[in-house]
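# Commentary on secondary and tertiary structure
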Amino acid sequence: MMQSTDNQSLTDDELLRYTRQILLDGWDIDAQLRLKAARIVMIGAGGLGCPASETLARAGVGQLHLIDDDVIEASNLQRQTLFLPEDIGQAKALTAAQMLNTINPLIKAFGTVARLSIDNAYELLDMASGLPDLLLDCTDNFATRDIINRISVRYKIPLLSASAIAMEGQLALFEPQLNTGCYHCVFGDATVANAAASDQAEQTADERTCANSGVLASTTAIMGSLQANAALQYLGLSKNPLAGKLLLWDGSRMQQRLMGYRLDERCTVCRELT
Ligand SMILES: [Zn+2]
């Protein structure tokens, strides 16, 4: 099977693989072509990044770029679905990308072992060759969330942000090009305070979130899938199913709520960068 570089049409292999999707009401070849032409950058190839990227790869998103500086540990295997016991000690970004290319040879996944910062974002996200269509925040600490949000606002790249802890999760899709609010507009200075705290305790950020509070295997699987669900609609149908809404998932009660938000005129991130 050859990967097609032509984004104007689907090959026979692609038509066959994506047929159940193309058959969907409201989904068609054009939607599939938009997925094929899309480039997603995912920050974090762990509990959220694994299920989200697997679904996006299977669904036919043309380019998936995973950025993560972590290595696979035994305690990751409970929820990080792209990894096997023999992968322990390997780089998450590279192992995940390799698995995604194996799952779907018709797309292109690649991994970079790096820690994203404001300073290296332009180069790391390869913005010289154009902005990514969507940024996925699949991280587990406030310091990186704050950085990803600032990059999204500064370069006006849509940001699909997911989080998962214990049996709860949150999801939002920010569109800085529409000036409708950012992650900091919603969560306020708590994010900055927490970012400073986790900056000081950089090594323990993961432990504070996952080891102290724990996370049920299904929470990350569900939130990663919801994240993929929003990404596919956004890229395939140019529709934001979460416009102005924060999704809150409560796994213990099996409840999902949507909470409205809007641009905060006093948001330091939006004001500083626009
Ligand atoms: Zn803001």
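Described below are features of the structure shown in this document. Note that the structure is a prediction, hence the values are computed from the model and not measured.

Okay, the sheet that holds strand S5 (residues 159-165) next. A sheet is described by the order of its strands in space; here eight strands give the open sequence S3-S2-S1-S4-S5-S6-S7-S8, paired in mixed fashion. Strands with a single pairing partner mark the edges of an open sheet, and in this sheet they are strand S3 (108-112) and strand S8 (255-260). For this sheet, the mean inter-axis angle between neighbouring strands, taken without regard to orientation, is 15 degrees. Where strand S1 (residues 39-43) meets strand S4 (residues 134-137), four bridges bridge the pair, whose relative direction is parallel. Looking at the pairing, Ile 43 lines up with Asp 137 of S4. Along the sheet face, helix H5 (residues 92-103) touches strand S2 (63-67) and S3 and points at about 175 degrees away from the line of S3.

The next subject is the packing of aromatic side chains. With the rule as written, the count across this model stands at four aromatic pairs. A ring pair is formed by Tyr 122 and Tyr 155, whose centres lie 6.2 Å apart and whose planes are at 45 degrees; its orientation type is tilted. In this pair, Tyr 122 sits in helix H6 (residues 121-124) while Tyr 155 sits in helix H7 (residues 142-155), placing the two residues 33 residues apart along the sequence. On the basis of relative accessible area, Tyr 122 is assigned to the partly exposed category, the value being 43%. For the pair Tyr 183 and Phe 187, a centre-to-centre distance of 4.6 Å together with 35 degrees between the ring planes defines the contact as tilted. With Tyr 183 and Phe 187 both in helix H8 (residues 183-187) and four residues apart, this pair spans about one turn of that helix. On the basis of relative accessibility, which here comes to 7%, the residue Tyr 183 falls in the buried class. The exposure class assigned to Phe 187 is partly exposed, which follows from its relative accessible area of 22%. Each member of the aromatic cluster is reached from another via a ring pair, and the members are Phe 174, Tyr 183, Phe 187 and Tyr 261.

Okay, the side chain of His 65 next. Its place among the elements puts His 65 in strand S2. Here Thr 112 takes part through its side chain, which lies 2.6 Å from a polar atom of the side chain of His 65.

Moving on, we get to the pairing of S1. A large share of S1 lies buried, amounting to five of its five residues. Residues Arg 39, Val 41 and Ile 43 point to one face of S1 and Ile 40 and Met 42 to the other, with burial holding for every one of them. One ladder, built from five bridges, connects S1 with S2; its direction is parallel. Looking at S2, one finds that Ile 43 is bridged to Ile 67.

Another point: the nonpolar core. Counting residues in hydrophobic clusters, the biggest one holds 48 residues, and the most contacted among them are Ile 40, Leu 56, Leu 64, Leu 134 and Leu 136. Looking at this core element by element, the count peaks at seven residues for helix H11 (residues 217-237). For Ile 40, the residues in contact, after removing those within four places along its chain, are Leu 56, Val 61, Gln 63, Leu 64, His 65, Leu 134, Leu 136 and Leu 235. Grouped together as the second largest cluster of nonpolar side chains are 20 residues, Ala 114, Leu 135, Leu 159 and Leu 246 included.

This brings us to the pattern of salt bridges. Under the defined criterion, the tally for this structure stands at eight salt bridges. Arg 145 is the salt-bridge partner of Asp 137, the closest N and O atoms lying 3.0 Å from each other. In terms of burial, Asp 137 and Arg 145 fall into one category: buried. A salt bridge links Asp 264 to Arg 266; its shortest N-O distance comes to 3.5 Å. By relative accessible area, which is 22% here, Asp 264 ends up partly exposed. Residue classification places Arg 266 among the exposed positions, given a relative accessible area of 64%.

In this section: unusual backbone geometry. We note that Lys 156 has phi near 55 degrees; this positive angle belongs to a residue other than glycine. For Lys 156, the position within the fold is in the loop between H7 and S5. Not every positive phi belongs to a glycine, and Ala 166 is a case in point at roughly 50 degrees. Along the chain, Ala 166 falls in the loop between S5 and strand S6 (168-174). Judged by its relative accessible area of 30%, Ala 166 falls in the partly exposed class.

The rules behind the values
Residues numbered from 1 in each chain as written. Predicted model: local features only at pLDDT ≥ 70, side-chain atom pairs only at ≥ 80, totals over all residues. Heavy atoms only, no water. Pairing = 2+ DSSP bridges. Helix = DSSP H or I, 4+ residues; strand = E, 2+ residues; numbered from the N terminus. Axes fitted to C-alpha atoms, helices over the stretch in contact; angles between N-to-C directions. Contact = heavy atoms within 4.5 Å. Phe/Tyr/Trp six-rings, centres within 6.5 Å; stacked < 30°, edge-to-face > 60°. Buried < 20%, exposed > 50% of the residue type's maximum accessible area, 1.4 Å probe, protein only. Polar contact = N/O pair within 3.5 Å; in protein donor to acceptor, adjacent residues only side chain to side chain. Core = buried A, V, L, I, M, F, W, Y, C linked by side-chain atoms within 4.5 Å. Salt bridge = Lys/Arg side-chain N within 4 Å of Asp/Glu carboxyl O.

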